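Structural features, examined
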Amino acid sequence: VIEENNEIISRFHCNVTKGKSRLPILLNRFNKVPEPFGKLVLLPQHLVPENSEIFLEQHTAAAFTAMAEQAKKEDIWLIANFGYRSLEQQEQIIEHFTNLEGREKAMQRCAPVGFSDHHSGLSLDVGGGIYEESKQVPSPKSVWDWIAASCHKYGFALKNLPGKQQVTGTIYEPW
């Protein structure tokens, strides 16, 4: 249970399998990520933007690949825009948005260095669209609706939801 001002704002349920001692990990700007979890692997080229390399933790990569394959069967195409991010890359992103928007706005958009869930390899930003007459047509709303309804089946959860900035410390991120 997560509470704010003595009011329950979220509940989580954790199923523990006998013999397993893993607990969910809450990664956000309040809980530092010490290092990547597990082995990082390269996502298949058809799941990333052209001329890009995106790495994820191996089980996360397998789950996203399975999710993208199911989406394709439902005429949705998914693409991973960002995956694992090093501390140096996070620093560069913060600097980029600081130059565009100023430090205060940049830090609402970006997690501090060392606090991004992207440092774990367990997180990714997703975009895509629909298939129309066998062509990929960008359609973020269709993708977000499909992801919102389906991501939990593959072990994913949406973060940084609208109206929850006071809880997450981050602006709404539909991706």
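Summarised in this report is the structure supplied together with it. These numbers were taken from a predicted model, which means no experiment stands behind them.

This brings us to unusual backbone geometry. The backbone phi angle of Asn51 is positive, close to 60 degrees, even though this residue is not glycine. Assignment of secondary structure puts Asn51 in the loop between β3 (40–42) and β4 (55–57). Overall, the relative accessible area of 76% leaves Asn51 in the exposed class. The phi angle at Asp75 is positive, at roughly 65 degrees, despite the residue not being glycine.

Right, let's get into the side chain of Glu57. Topologically, Glu57 is positioned in strand β4. In terms of polar contacts, Glu57 uses its side chain to reach the backbone amide nitrogen of His59, at 2.9 Å.

Once that is clear, we can look at the packing of aromatic side chains. Tallied over the full model, the rule gives 0 aromatic pairs. The ring of Phe82 carries the charged tip of Arg85 above its face, separated from the ring centre by 5.2 Å.

Time to look at the nonpolar core. Judged by nonpolar contacts, the single largest core of 21 residues is most densely connected at Leu43, Phe64 and Leu78. If one sorts the elements of this core by residue count, helix α1 (residues 58–73) sits on top with 6 residues. Residues contacting Leu43, with those up to four places away along its chain left out, are Val48, Ile54, Leu56, Ala61, Phe64, Thr65 and Ala80.

Cut-offs and rules
Residues numbered from 1 in each chain as written. Predicted model: local features only at pLDDT ≥ 70, side-chain atom pairs only at ≥ 80, totals over all residues. Heavy atoms only, no water. Helix = DSSP H or I, 4+ residues; strand = E, 2+ residues; numbered from the N terminus. Buried < 20%, exposed > 50% of the residue type's maximum accessible area, 1.4 Å probe, protein only. Polar contact = N/O pair within 3.5 Å; in protein donor to acceptor, adjacent residues only side chain to side chain. Phe/Tyr/Trp six-rings, centres within 6.5 Å; stacked < 30°, edge-to-face > 60°. Lys NZ or Arg CZ within 6 Å of the ring centre and 35° of its normal. Core = buried A, V, L, I, M, F, W, Y, C linked by side-chain atoms within 4.5 Å. Contact = heavy atoms within 4.5 Å.

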